[in-house]
Structures are given as structure tokens and as C-alpha cells.
Amino acid sequence: MDELKLLTKPERQHAYETVFREAFPAAELKPLSAMERMIADGSYRFYGLLRDGVPVGYVCNWERPGYVLIDYLCVPKSLRCGGLGSAALLAMMRSYPPDTVFIGETEAETGEAERDELILRRQGLYRRLGAQFMPFDCALFGVHYRVMVWAEPVPEPEMVLREYDAFYRKAFSKEVYDAAVQIPLRPGEKPHPMKAWLERPNEE
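I will try to describe carefully the structure that is included in this document. (Residues numbered from 1 in each chain as written. Predicted model: local features only at pLDDT ≥ 70, side-chain atom pairs only at ≥ 80, totals over all residues. Heavy atoms only, no water.)

1. Focus on the overall build of the protein
What counts is decided by this rule: Runs of H or I in DSSP of at least four residues are treated as helices and runs of E of at least two as strands, each being numbered from the N terminus. Radius of gyration: over C-alpha atoms. The globule rule applied is 2.2 Å multiplied by the number of residues raised to the 0.38 power. Exposure classes here rest on a 1.4 Å probe applied to the protein chains alone. A residue is buried below 20% of its type maximum, exposed above 50%, and partly exposed in between. Lys and Arg are tallied as positive, Asp and Glu as negative. Neither His nor the chain termini are counted. Charged side chains are reduced to one point each, which is NZ for Lys, CZ for Arg, CG for Asp and CD for Glu.
Of regular secondary structure, the protein possesses 6 helices and 8 strands. What you see for the protein is a C-alpha radius of gyration of 16 Å, in line with the 17 Å of a compact globule of 204 residues. Over its C-alpha atoms, taken along the principal directions, the protein stretches across nearly 50 × 40 × 40 Å. Each of the 204 residues in the protein was classed as buried or not, and the buried ones make up 48%. Counting 26 positive and 31 negative side-chain charges, the protein places the averaged centre of each group 1 Å from the other.

As C-alpha cells, this is what we get:
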């Protein structure tokens, strides 16, 4: 039986060290200390999907009134390709009111054939799960992303863009935002070159 649970601090630390560090490159993984600060101020949730009491997937979200930004979705390496990521995502969505707008990010194509095969497969999965891709992209800490939404009805792109941008403006100082966040990423604009999270200003 599956159960979606908000994880305790020790559980979050264990998941971060054993699953998140392996699942995400350093350029995409914020420090656990940053997550903990947002959890403390009530704007961030760190969920685990438990199957028979064992964690089989994780979802991390930022929250604003009526909107949820999906920050991380991952599954332990030994359990991947079994539908657990989809199960964790859908379980999380069902835990919110039906009129909630969910915003997600997925890496944009890079021009590298082998890497793009995985990226396009991931995008296809999100489409099958009902994602609607927005007509704008973004770049976050040097990584180019496509932006997608789950909602019924889907809000106007201008509204999604405004609410989406607000998550990052609230989370970061103006200095960090201006250096690392490009919402939207303009046509022909390149992501700002960035170092790994642990080397970023104002982050521990």
C-alpha cells in the first residue's frame, strides 16, 4: 500500500545523501540547508512516497496560494523505470485541492544525441501524465529548462509566468536572482554560466 508522507528532518537528510546526490548533478541540486530554511518558513514541502513503509520516491515542492512549483522528483536508482516517479507525482498532486496549478521544469534539449534521448523520453512521460508545456523557457543556475503546467483549466501563459517568477524572487536575494535566474529565457539568449550550488553566493 502506498502512502505519501511529509518526511522528518532525519529522513530528509538520509534521502538527500543517499538518493538526491546520486540522482541530480551538482548544478541542479540546491543544498539541503536551503531546503531546510524554506521548510522552516512554511513555503517548502519534502514528501516521501512509502510502499509498505519503505521510501520508493520523493517529491519536493514550493508553495504559493493556489500554485505549487515541483522542485525535485526522484526515485532510488535500484527502483527506477518501474513507474514509481509517476506514482509519487500523482500522489502528491492528489493531496492538494483540485484547482491547484502545478508548475514543473524539465531540462531542455542540449544538442548531445545521447543526453537528448533521455531528456525527450522524460518530456514524453510528463506529457503522458497530462503536462501542458508553456510557450516560454527558463534558465536556472546555468541550466536551460522547459516549463510545464498541470491544471484544469490551464491558466494564461502570462499568469503562469508571473506566478512562476514570484517563487524565485521570494526565495533569493536580488543579487542571486539577477546572477542565476532567467525567467523567461529570451529566444537566442544563453543561460548564465554558473558554478555548482555549494559555490554559489549566499548559500552554504
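2. Digging into the packing of aromatic side chains
As a reminder of what qualifies: Note on aromatic contacts: the rings of Phe and Tyr and the six-membered ring of Trp form a pair at centre separations within 6.5 Å, being stacked when their planes are under 30 degrees apart, edge-to-face when over 60 apart, and tilted otherwise. Criterion for a charge above a ring: Arg CZ or Lys NZ at most 6 Å from the ring centre, at most 35 degrees from the ring normal.
In the structure shown here, the tally under the stated rule is 15 aromatic pairs. Following the ring pairs from residue to residue traces out a cluster consisting of Tyr44, Trp62, Phe136, Phe141, Tyr164, Phe167, Tyr168 and Phe172. Lying over the aromatic face of Phe167, Arg64 brings its terminal NZ or CZ to 5.8 Å of the ring centre.

3. Looking at unusual backbone geometry
Cis geometry marks the peptide bond from Glu152 to Pro153; its omega dihedral reads 0°. Tracing the backbone through its elements, the reader meets Pro153 in the loop between strand S7 (143–150) and helix H5 (157–171). A cis amide bond, omega -5°, links Ile183 with the succeeding residue Pro184. Summarising the element assignment, Pro184 is placed in strand S8 (residues 181–185). Backbone geometry at Asp52 places phi at a positive 55°, although glycine is not the residue there. Assignment of secondary structure puts Asp52 in the loop between strand S2 (44–51) and strand S3 (54–64). On the basis of relative accessible area, Asp52 is assigned to the exposed category, the value being 63%. The phi torsion at Phe141 lies on the positive side, around 50°, for a residue other than glycine. Within the element layout of this structure, Phe141 appears in the loop between strand S6 (132–140) and S7.

4. Quick notes on the pairing of S3
To be explicit about the condition: Should DSSP find at least two bridges between two strands, the strands are taken to pair.
Across 8 bridges, the pairing between S2 and S3 is antiparallel. Considered in S3, the bridge of Leu49 is made with Gly57. Linkage of S2 to S3, two consecutive antiparallel strands, is achieved through a turn of 2 residues, within which Asp52 is found at a positive phi near 55°. In this structure, S3 lies alongside strand S4 (residues 67–74), joined through 7 bridges in antiparallel fashion. Pairing of Glu63 across the sheet is with Val68, part of S4. Linkage of S3 to S4, two consecutive antiparallel strands, is achieved through a turn of 2 residues, within which Gly66 is found at a positive phi near 85°.

5. Let's talk about the state of the cysteines
The cut-off we apply is this: Note that a disulfide, as used here, is simply two cysteine sulfur atoms within 2.5 Å.
Counted under the stated rule, the structure contains 0 disulfides. For the unlinked cysteine Cys74, the closest cysteine sulfur is that of Cys60, found at 7.0 Å.

6. Considering the nonpolar core
The test is simple: Residues grouped as a nonpolar core are buried Ala, Val, Leu, Ile, Met, Phe, Trp, Tyr and Cys residues, joined through side-chain atoms within 4.5 Å. Residues count as neighbours in contact if any of their non-hydrogen atoms are within 4.5 Å of one another.
With 41 residues, the main nonpolar core has Phe20, Met35, Phe46, Ile103, Leu140, Tyr164 and Tyr168 as its most contacted residues. The residues contacting Tyr164, other than those within four sequence positions of it, are Leu69, Ile103, Glu105, Phe136, Cys138, Leu140, Val147 and Ile183. Residues Tyr47, Tyr126, Ala131 and Trp150 belong to the second largest nonpolar core, which totals 20 residues.

7. Considerations on the sheet that holds S8
Here is the rule we go by: Where helices are involved, their axes are fitted lines through C-alpha atoms of the stretch in contact, as for all axes, and angles between N-to-C directions lie from 0 to 180°.
Strands sit in the order S1-S2-S3-S4-S5-S7-S6-S8 across an open sheet of 8 strands; the sheet is mixed. Bordering the open sheet on either side are strand S1 (2–6) and S8, each of which pairs with just one other strand. Strand-to-strand twist in this sheet, taken as the mean axis angle between neighbours without regard to direction, amounts to 30°. Contacts from helix H4 (residues 113–128) reach S4, strand S5 (101–107), S6 and S7 within the one sheet, and its direction differs from that of S5 by about 165°.

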